[in-house]
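# Coordinate analysis (summary)
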Amino acid sequence: MSVILAIESSCDETSVAICNNGKITANVIANQTIHENYGGVIPELASRVHQQNIVPVVQQALIDAKVTKKDINAVAFTRGPGLLGSLLVGVSFAKSFALALDLPLIAVNHMQAHILAHFIDEPKPSFPFLCLTVSGGHTQIVLVKDYFDMEIVGETLDDAAGEAFDKTAKILNLPYPGGPLIDKHAREGNPLAYKFPEPQIKGLDYSFSGFKTAILYFLRDQEKEDPDFIQKHLNDICASVQHSIVQILLNKLKKAAKQYGIKDIAIAGGVSANSGLRNSLAELAAELGWNVFIPAFEYCTDNAAMIAIAGYHKYLNKDFVGQDIAPAARMVF
Ligand code: KG4
Ligand code: ZN
């Protein structure tokens, strides 16, 4: 029997989940809307809002899961990667909670947890599989050999796919985070209206910084001809940008699948909520005979349910850490 309380505070969502014998019974997420005013996450503000949110979010999770503090058997938390000030709130809270109730502590890697979100619900992938992990800070193709045996076989050399979405949105005067808004406008536009060059990067790695610059120059040239170009063609611009980013992501994923001879393919992370990516992946699956695993929307963007399920598998392995544990902002696998 195990009841695990899990805390996620790596960026701008304060989230607490409960995992009861491998089943998620609560997943409370407090979003921080304050950053919308600044065009990006302000680390100091994020940390302060986590401090305000953490106690009520824990209380709500206990209520949702219908358990009390006394029922908890272990505390899992995101150790990294993420913003140091944000991580510190979750890590400090987890350590204090575990110390007060004499519970074991479980440290979870946020990027591994995004992948392990696939083990919350059915159908679950079987090992080995490939996972394209695409978030605001990372873009990785990961060879997943076991729950905690993962190898990054390709990654971005500069910006992440989420950044490519968010920075394009900023150029288009859309508020932060722009990814979901580009997705929304893209549904009404023509994905082939404008063409942007695909970066030529060797192997399985990605690059998105040149892509962003290409969009910037394209819009600058168009606005010289027509100052209202963006307003008039917003849906087509969003659809074309989204289509290009999705093609870049999937072309390398196809290459990886071929190279490793693997047909079980998953996506994870905030950008896996993107409808264009989800649809194109489903089409590729039919074309190439892949078994694809696409997470439920609630488990794509940052959430503690993924920390809880990762924590559960570490709990089964008795993989605990001591009170001397510290956050690791640049944690790798
Ligand atoms: O995984 P996540 O919630 O946080 C990080 O760990 O970074 O990912 C956030 C990123 C942001 O860049 C956001 O714009 C992007 O995921 N995102 C999307 C969509 N929903 C979230 N990008 C494109 N389309 C979406 N529907
Ligand atoms: Zn994330």
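Below is a summary of the structure that appears in this document. What you see is a predicted model; the values in this text were computed from it and never measured.

## Points about the pairing of strand β7 (residues 139-146)
Alignment of strand β6 (residues 129-134) against β7, held across six bridges, turns out to be antiparallel. Looking at β7, one finds that F129 is bridged to V144. In sequence, β6 turns back onto β7 through a hairpin of four residues. Bridging between β7 and strand β8 (residues 149-155) involves six bridges; their strand directions are antiparallel. Looking at β8, one finds that V142 is bridged to I152. Here β7 folds back onto β8, and the loop between the two strands holds two residues.

## Looking at the environment of K145
Looking at where K145 falls in the secondary structure, it is placed in strand β7. When the 12 C-beta atoms within 10 Å are taken as the criterion, K145 is described as exposed. Taking C-alpha positions, K145 is 21 Å from I106, a pair spaced 39 residues apart along the chain. Excluding residues within four positions of it along the chain, K145 makes contact with F127, P128, M150 and E151.

## Regarding the sheet that holds β6
One open sheet accounts for five strands, arranged β8-β7-β6-β9-β10; its pairing is mixed. Unpaired on one side and paired on the other, β8 and β10 (291-293) mark the two borders of the sheet. Taken over all neighbouring pairs, the strand axes of this sheet differ in orientation by 25° on average, direction set aside. Inspection of the sheet shows β6 paired to strand β9 (residues 264-268) by four bridges, in the parallel sense. Within β9, the residue paired with L130 across the bridge is I265.

## Overview of the nonpolar core
Membership of the largest hydrophobic core comes to 90 residues, with the highest contact counts inside it found for A6, A17, A76, I307, A308 and I309. Ranked by residues supplied to this core, first place goes to helix α7 (residues 229-260) with 10 residues. If you count residues domain by domain, this core takes at least three from each of domain 1 (3-115 + 300-316) and domain 2 (125-295). When residues no more than four places from it in sequence are discounted, the contact partners of A308 are I4, A6, A17, I18, C19, I24 and A76.

How each quantity is defined
Residues numbered from 1 in each chain as written. Chains lettered and ligands numbered in written order. Predicted model: local features only at pLDDT ≥ 70, side-chain atom pairs only at ≥ 80, totals over all residues. Pairing = 2+ DSSP bridges. Helix = DSSP H or I, 4+ residues; strand = E, 2+ residues; numbered from the N terminus. Buried ≥ 20, exposed ≤ 12 C-beta atoms within 10 Å, placed from the backbone. Contact = placed C-beta atoms within 7 Å. Axes fitted to C-alpha atoms, helices over the stretch in contact; angles between N-to-C directions. Core = buried A, V, L, I, M, F, W, Y, C linked by C-beta atoms within 7 Å. Domains from an automatic or database assignment.

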